[in-house]
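Results of the structural survey
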Amino acid sequence: MGDPEPQESSQLPRQAEPQSGAEHVPERQPSVPFPLQQGERVLRIIRRHWWFLWPFTIWLVIVAVAPVFVIALLFDAIGILDDLGWFFWVPALLWVSYWGIRALFNWYRYHNDIWVVTNQRLIDVFRSNPLNKRVSTADLVNIQDMRVERHGVTATVLGYSDLLCSTAGTEGGTFTIGGVPQAEELQLLIDRERDRERMRRE
């Protein structure tokens, strides 16, 4: 009857080992296009609301495809589409390719326009194409005031806002995180991490 007790106590350290190993999983940092400082951890990566991607992308696709489709139907109705052959399809292909490239760059800009919140900084990263990059940073301890602004019917219905952070320091100004969903939750996260970082430095 006394044997089960030592067996249970001997199993406790074995159960703790996987748990301690699992604690290392969150330490894997997401890939970001800038170097992290010592002890810096990525807390959240933010992109604009999908409204800033899909409506314009769909419009570019319509502009690319609709004229070719309509003109092809028209030429086919009057019986000259087959006679034109490549004289029609080559310009049509060039037209679709041009607007397709514009849609691709629109997608690229959206996915490379990000804000990153770490336990030390706010970072704004923007790439309009693979050949350029703009990175702006603000220390959390330099953030003085924050406010959420929402303007217009579209922003109200879809639930995206701008988060404006006033910063102190030699280059004081406003750090704007624009057109993002759940801006209020983001404001709370930055506020909490700012206070934590200030206490750590005191």
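Structure: above.
Residues numbered from 1 in each chain as written. Predicted model: local features only at pLDDT ≥ 70, side-chain atom pairs only at ≥ 80, totals over all residues. Heavy atoms only, no water.

1. So, the pattern of salt bridges
Working definition: two side chains of opposite charge can pair if their charged atoms are close together. Test applied: Whenever Lys or Arg places a side-chain nitrogen within 4 Å of a carboxyl oxygen from Asp or Glu, that contact is recorded as a salt bridge. Elements are defined by DSSP. Helices are runs of H or I of four residues or more, strands are runs of E of two residues or more, and each kind is numbered from the N terminus.
A complete count under the given rule lists 11 salt bridges for this structure. One salt bridge in this structure joins Arg150 and Glu184, with 3.9 Å as the shortest N-O distance. With Arg150 in the loop between β5 (143-149) and α5 (153-158) and Glu184 in helix α6 (residues 183-201), this residue pair connects regions lying 34 residues apart in the sequence. In this structure, Arg192 engages Glu193 in a salt bridge whose closest nitrogen and oxygen atoms are separated by 3.7 Å. Among the charged side chains, a salt-bridge network with shared partners connects Asp191, Arg194 and Asp195.

2. Points about the packing of aromatic side chains
What counts here: Think of it this way: a Phe, Tyr or Trp ring, Trp meaning its six-membered ring, pairs with another when their centres are within 6.5 Å, and the plane angle makes it stacked under 30 degrees, edge-to-face over 60, tilted otherwise. Only protein chains enter the accessibility calculation, which uses a 1.4 Å probe; a residue is then buried when its area is under 20% of its type maximum, exposed when over 50%, and partly exposed in between.
A complete count under the given rule lists six aromatic pairs for this structure. With centroids separated by 4.8 Å and ring planes inclined at 80°, the aromatic side chains of Phe88 and Trp89 adopt a geometry described as edge-to-face. When its relative accessible area of 39% is taken as the criterion, Trp89 is described as partly exposed. Here a set of aromatic residues connected by ring pairs shows up, and it is made of Phe75, Phe88 and Trp89.

3. A word on unusual backbone geometry
For Gln182, which is not glycine, the phi dihedral falls at a positive 55°. Examined against the element boundaries, Gln182 turns out to sit in the loop between β7 (173-181) and α6.

4. Some remarks on the sheet that holds strand β3 (residues 121-126)
Just so we agree on the cut-off: Strands qualify as paired when DSSP identifies two bridges or more between them. A fitted line through C-alpha atoms serves as each axis, taken over the contacting stretch for helices, and the angle formed by two N-to-C directions is quoted from 0 to 180°. Here, residues are in contact when the closest pair of their heavy atoms is within 4.5 Å.
Strand order across the open sheet formed by four strands is β1-β2-β3-β4, with antiparallel pairing between neighbours. The open sheet has two edge strands with one neighbour each: β1 (42-47) and β4 (134-139). Strand-to-strand twist of the sheet, defined as the mean angle between neighbouring strand axes without regard to direction, takes the value 15°. Pairing analysis gives five bridges linking strand β2 (residues 113-118) to β3, with the strands arranged antiparallel. When the sheet's bridge partners are listed, Val116 is paired in β3 with Ile123. Packing against the sheet, helix α4 (residues 86-111) makes contact with β1, β2 and β3, and its axis sits at approximately 10° to β2.

5. What about the nonpolar core?
What counts, and what does not: By nonpolar core we mean a set of buried residues, namely Ala, Val, Leu, Ile, Met, Phe, Trp, Tyr and Cys, connected to one another through side-chain atoms within 4.5 Å.
Ranked by internal contacts, the top residues of the largest apolar core, which has 17 residues, are Leu122, Ile177, Leu186 and Ile190. Elements with a contribution of two residues or more to this core: β2, β5, β6 (160-167), β7 and α6. In terms of residues, this core owes the most to one element, α6, which gives four residues. Dropping the residues within four chain positions of it, Leu186 is found in contact with Arg44, Ile46, Val117, Leu163, Ile177 and Val180. In terms of nonpolar packing, the next biggest core, distinct from the first, is built from seven residues, Val42, Ile114, Val116 and Val125 among them.

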